[in-house]
Amino acid sequence: MRRTGLEVADIFHRHGTAWRRANAGHLSLGQLKVMSAIENCRSAALGGHVERCEDCGHSRISYNSCRNRHCPKCQGVAAKNWLVARQADLLPVGYFHLVFTMPAEIGEIAYQNKMAVYDLLFRAAAETLLTIAADPKHLGARLGIAAVLHTWGSTMTHHPHVHMIVPGGGISLDGTRWVPCRPGFLLPVRVLSRLFRRLFLTGLADANAAGQLAFFGDLDGLRDRRAFAAHLAPLRRKDWFVYAKPPFAGPQAVLAYLARYTHRVAISNSRLLRLDESGITLRYKDYRRDERARYRTMTLVPGEFIRRFLLHVLPKGFHRIRHYGLLASAGCKANIARVRELIAVPVPPDPSAEDDITDQAAGAAADHRPPCPCCGGRMIIVESFERTRAPRGPPADGAWVRTATP
């Protein structure tokens, strides 16, 4: 089915007010702010500016974006800027993609305790990889990890998991050499799964003992320590699966993957097909089916669509992209340079040493204004206007062309 230009904002505009009224008292401030940001994104409510072509004089209005990290319209530009900053950290080695997922039995606990449990998911997955990689029986090296949290499945149900991108090797524990992994194989998945299970369940029990977890509604009985321990007991015997995908076909494939995953939201506007009396029809993937039958459609009533979308609002200040080991921010640049030295790869020139180049690159990264639609010339800002205000008047040609500012 073809795209119709439908957006999440359209659904919120049409059904958001009634849904907020029906669920008053059950929504967090963060969820309400996300709805408001998406509704106002690239509209007069956020202000904007007037652009004019330097060559032909064509004018247009560009409205400001909300820049909320849950907004489907804003994350494309954010991802591009993030990738520009990360290109220098790529190494000329194979990269692996692993996925760490918590069992469904913990999903509701995670939803009621997002900050604590999502943070634990990150820490347990990273510690698992770093510990097994450092074991001389496996790799005997220090790894680098780039991790991204996703909390949704293809149908926007609550499904927290962490995607991890890992270079195929690491620096030896004594720091003297690069230790490559075996071709097409990083670490044994079965060993990773067992350690991840132990670290996560231990961390969850410790968090509860420290009073860091809260339980409401159907989970209210887990306030009792014995009931909580009994709830976790079957999970200690259950198999936890760490999914390891085939290695990427070179660093450029890693960049292409990261462009799709780092700043993804619960659903992109491109997956929305129709909004009518029956509800919202969207496209999704059914991973239980083979490749041809995998792409399917489903229809949700507006209230259910909004509920599912807001399941994935993250706590304020929570970082959903994190780096560990060799890629941890504190020593990342030095570690990347050391790896390049050990594998005899030339270190790329540091653009920060040339102020002019840096200024030009920064300007190019920040300037996302499309060229003039009439002649292809450069558009410059000639007027700015604040929230809820309007520009002073139309241009000489008598009509505005309205666009959006990232």
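Residues numbered from 1 in each chain as written. Predicted model: local features only at pLDDT ≥ 70, side-chain atom pairs only at ≥ 80, totals over all residues. Heavy atoms only, no water.

## Digging into the overall build of the protein chain
Link 1 in the chain: Looking only at helices and strands, the protein chain has 11 helices and 15 strands in total.
Link 2 in the chain: Here the protein chain holds 406 residues, and the buried ones make up 46% of them.
Link 3 in the chain: Put simply, of all contacts in the protein chain between residues at least 6 apart along the chain, 72% involve residues at least 24 apart. (Helix = DSSP H or I, 4+ residues; strand = E, 2+ residues; numbered from the N terminus. Buried < 20%, exposed > 50% of the residue type's maximum accessible area, 1.4 Å probe, protein only. Contact = heavy atoms within 4.5 Å.)

## Topic: the pattern of salt bridges
Link 1 in the chain: Throughout the structure, instances matching the rule amount to 14 salt bridges.
Link 2 in the chain: Taking the shortest distance from any N to any O, the salt bridge between Arg226 and Asp224 comes out at 3.9 Å.
Link 3 in the chain: Exposure remark for Arg226: the relative accessible area of 69% places this residue in the exposed category.
Link 4 in the chain: For Asp224, a relative accessible area of 35% gives the class partly exposed.
Link 5 in the chain: For Arg274, the salt bridge goes to Asp276, with nearest N and O atoms at 3.0 Å.
Link 6 in the chain: Judged by relative accessible area, Arg274 falls into the partly exposed class, the value being 34%.
Link 7 in the chain: One continuous salt-bridge network, built from bridges that share partners, spans Asp119, Arg123 and Arg322. (Salt bridge = Lys/Arg side-chain N within 4 Å of Asp/Glu carboxyl O.)

## Observations concerning the sheet that holds strand β7 (residues 169–172)
Link 1 in the chain: Strand order in the open sheet formed by 3 strands is β4-β7-β8, with antiparallel pairing between adjacent strands. Each end of this open sheet is capped by a strand with a single partner; those strands are β4 (141–142) and β8 (178–180). (Pairing = 2+ DSSP bridges.)

## Details of helix α2 (residues 29–40)
Link 1 in the chain: Compared with the 16 Å implied by 1.5 Å per residue over 12 residues, the 16 Å span of α2 between its first and last C-alpha is a close match.
Link 2 in the chain: Turning to α2, its buried residues are Gln31, Val34, Met35, Ala37, Ile38 and Glu39.
Link 3 in the chain: The inward-facing, buried residues of α2 abut α1 (8–22), α4 (107–112) and α9 (302–310).
Link 4 in the chain: One or two steps after α2, the chain reaches Arg42, where phi turns positive at roughly 55 degrees. (Expected span 1.5 Å × (residues − 1).)

## Notes on the pairing of β7
Link 1 in the chain: Pairing of β4 with β7, which is carried by 2 bridges, proceeds in the antiparallel orientation. Within the sheet, the bridge partner assigned to Arg142 lies in β7 and is Ile171.
Link 2 in the chain: The antiparallel hairpin formed by β7 and β8 contains 5 residues in its connecting segment, where Gly175 sits at a positive phi of about 75 degrees.

## Looking at the nonpolar core
Link 1 in the chain: Counting 51 residues, the largest nonpolar core has Met164 and Phe200 as the members making the most contacts within it.
Link 2 in the chain: Breaking this core down by element, the ones donating at least two residues are β3 (95–101), α4, α5 (114–134), β5 (144–152), β6 (158–167), α6 (189–209) and α7 (225–232).
Link 3 in the chain: By residue number, the principal contributor to this core is α5, which donates 11 residues.
Link 4 in the chain: Of all hydrophobic cores here, the second largest spans 32 residues; its members include Phe12, Cys71, Trp152 and Phe309. (Core = buried A, V, L, I, M, F, W, Y, C linked by side-chain atoms within 4.5 Å.)

## Thoughts on the packing of α1 against α2
Link 1 in the chain: Between α1 and α2, the least distance of the axes is 9 Å, while the angle of their chain directions is 135 degrees. Relative to α2, α1 is oriented oblique. The handedness of the crossing between α1 and α2 comes out as left-handed. Contacts from Val8, Ala9, Phe12, His13, Gly16, Trp19 and Arg20 of α1 reach α2 at Leu32, Met35, Ser36, Ile38 and Glu39.
Link 2 in the chain: Of the residues belonging to the contact of α1 with α2, the class tally is 7 nonpolar, 3 polar and 2 charged. (Axes fitted to C-alpha atoms, helices over the stretch in contact; angles between N-to-C directions. Parallel < 35°, antiparallel > 145°, perpendicular 65-115°, else oblique. Left-handed = near helix turned anticlockwise from the far one by under 90°. Nonpolar A, V, L, I, M, F, W, Y, C, P; charged D, E, K, R; others polar.)

## Considerations on the sheet that holds β5
Link 1 in the chain: Spatially, 5 strands are ordered β9-β3-β6-β5-β13 in an open sheet, and the strand pairing comes out antiparallel. The open sheet has two edge strands with one neighbour each: β9 (242–245) and β13 (321–325). Adjacent strand axes in the sheet meet at a mean angle of 25 degrees, parallel and antiparallel pairs treated alike.
Link 2 in the chain: The pairing of β5 with β6 spans 6 bridges and is antiparallel.

## Quick look at the environment of Pro72
Link 1 in the chain: Along the chain, Pro72 turns up in the loop between β2 (59–64) and α3 (75–86).
Link 2 in the chain: For Pro72, a relative accessible area of 18% corresponds to the buried category.
Link 3 in the chain: The spatial distance from the C-alpha of Pro72 to the C-alpha of Ser268 is 5.4 Å, given a sequence separation of 196 residues.
Link 4 in the chain: Aside from chain neighbours lying at most four places away, what touches Pro72 is Val8, Ile38, Val265, Ile267 and Asn269.

Keep in mind these values describe shape, not function.
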